[in-house]
Amino acid sequence: MVSSPVVNMYPLSSYTFGTKEPKMEKDTSVADRLARMKVNYMKEGMRTSVEGILLVQEHRHPHILLLQIGNTFCKLPGGRLKPGENEIEGLKRKLSSKLGANPLSLQPSWQIGECVAIWWRPNFETVMYPYCPPHITKPKRYGPVISTIPQQLSRFQFNMMTT
């Protein structure tokens, strides 16, 4: 029998939160975002995106920390990697830029665990798949889908830590 990976989950009270200046989204609509992706793809080819799942527990119940964009949209912290950038180092860079303190001396030492999922975007559309469809020879980009996180995390065991 194969054992599940174990994740230590700490209480929300173990962390300190501050505020940062809001970063404005580059696009005002999904259609604008997809059009920008198409232009970038034509210039740079396929790009990889990474996003981190930050887990905490409150009253021994798991919670995922999300970034709120505007009043109605939430997303995982992360973004596009630089060409040739390692996924783990790129995720650390993105987490620090989005969540870390402004003085570089206060940057956290991020602990990156396992890759939970890979999603493929075969076209310049909002739909992504957990596999690259066989008829697609040039996928556009990949990254996670928030609604599948509970299912993806079901393969892990969680230790609810007290401090």
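Residues numbered from 1 in each chain as written. Predicted model: local features only at pLDDT ≥ 70, side-chain atom pairs only at ≥ 80, totals over all residues. Heavy atoms only, no water.

1. Here's the deal with the overall build of the protein chain
Moving on, step 1. When its secondary structure is counted, the protein chain shows three helices and 10 strands.
Moving on, step 2. Reading the protein chain from its N end, one meets helices and strands in the order β-α-β-β-β-β-β-β-α-β-β-α-β.
Moving on, step 3. Overall size of the protein chain, expressed as C-alpha extent along the three principal axes, is 50 × 45 × 30 Å.
Moving on, step 4. Considering only residue pairs separated by 6 or more positions, the protein chain has 62% of its internal contacts joining residues 24 or more positions apart.
Moving on, step 5. For the protein chain, the distance from the average site of its 21 positive side-chain charges to the average site of its 12 negative ones is 4 Å. (Helix = DSSP H or I, 4+ residues; strand = E, 2+ residues; numbered from the N terminus. Contact = heavy atoms within 4.5 Å. Lys, Arg positive; Asp, Glu negative; His and termini not counted. Charge placed at Lys NZ, Arg CZ, Asp CG, Glu CD.)

2. Notes on the environment of Phe158
Moving on, step 1. Here Phe158 lies in strand E10 (residues 157-160).
Moving on, step 2. Accessibility expressed as a relative area gives 28% for Phe158, which makes it partly exposed.
Moving on, step 3. Placed 154 residues apart in sequence, Phe158 and Ser4 show a C-alpha to C-alpha distance of 9.6 Å.
Moving on, step 4. Leaving out residues up to four positions away in the same chain, Phe158 has contacts with Val7, Met9, Leu55 and Leu153. (Buried < 20%, exposed > 50% of the residue type's maximum accessible area, 1.4 Å probe, protein only.)

3. So, the pattern of salt bridges
When charged atoms on two side chains of opposite charge get close, those side chains can pair.
Moving on, step 1. Per the stated rule, a full pass over the model turns up five salt bridges.
Moving on, step 2. The partner of Glu85 in a salt bridge is Arg93, and the shortest N-O contact between them spans 2.7 Å.
Moving on, step 3. Taking the shortest distance from any N to any O, the salt bridge between Glu89 and Lys92 comes out at 3.9 Å. One end of the pair is Glu89 and the other is Lys92, both in helix H2 (residues 87-99) and three residues apart, which spans about a single turn. (Salt bridge = Lys/Arg side-chain N within 4 Å of Asp/Glu carboxyl O.)

4. Examining H2
Moving on, step 1. Here H2 spans 17 Å end to end across 13 residues, near enough to the 18 Å set by a 1.5 Å rise per residue.
Moving on, step 2. Looking only at H2, the buried set comprises Gly90, Leu91, Lys94, Leu95 and Ser96.
Moving on, step 3. For H2, the elements touching its buried residues are strand E2 (47-51), strand E3 (54-58) and strand E7 (78-80).
Moving on, step 4. Its side-chain oxygen at 2.7 Å from the backbone nitrogen of Ile88, Asn86 defines the N-terminal cap of H2. (Expected span 1.5 Å × (residues − 1). Polar contact = N/O pair within 3.5 Å; in protein donor to acceptor, adjacent residues only side chain to side chain.)

5. Comments concerning helix H1 (residues 30-44)
Owing to its 3.6 residues per turn, the α-helix brings residues three or four apart onto one side.
Moving on, step 1. Over its 15 residues, H1 runs 20 Å from end to end, which matches the ideal 21 Å to within 8%, given 1.5 Å per residue.
Moving on, step 2. Buried within H1 are the following residues: Leu34, Met37, Asn40 and Tyr41. Along H1, the residues classed as buried sweep out an arc of 120° about the axis, all on the same side. H1 presents Ala31, Met42 and Lys43 as exposed residues on the side facing more than 90 degrees away from its buried surface.
Moving on, step 3. Of the residues flanking the end of H1, it is Gly45, one or two places downstream, whose phi is positive at about 80°. (Arc of directions from axis to C-beta.)

6. Quick look at unusual backbone geometry
Moving on, step 1. Here the phi dihedral of His59 falls at roughly 55°; this positive angle occurs in a residue that is not glycine.
Moving on, step 2. Among the structural elements, His59 can be located in the loop between E3 and strand E4 (61-65).

7. Some points on the pairing of E2
Moving on, step 1. Judged by how many residues are buried, E2 sits mostly within the fold: four of five residues are covered.
Moving on, step 2. Pairing analysis gives three bridges linking E2 to E7, with the strands arranged antiparallel. Note on E7: the bridge partner recorded for Ser49 is Arg80. (Pairing = 2+ DSSP bridges.)

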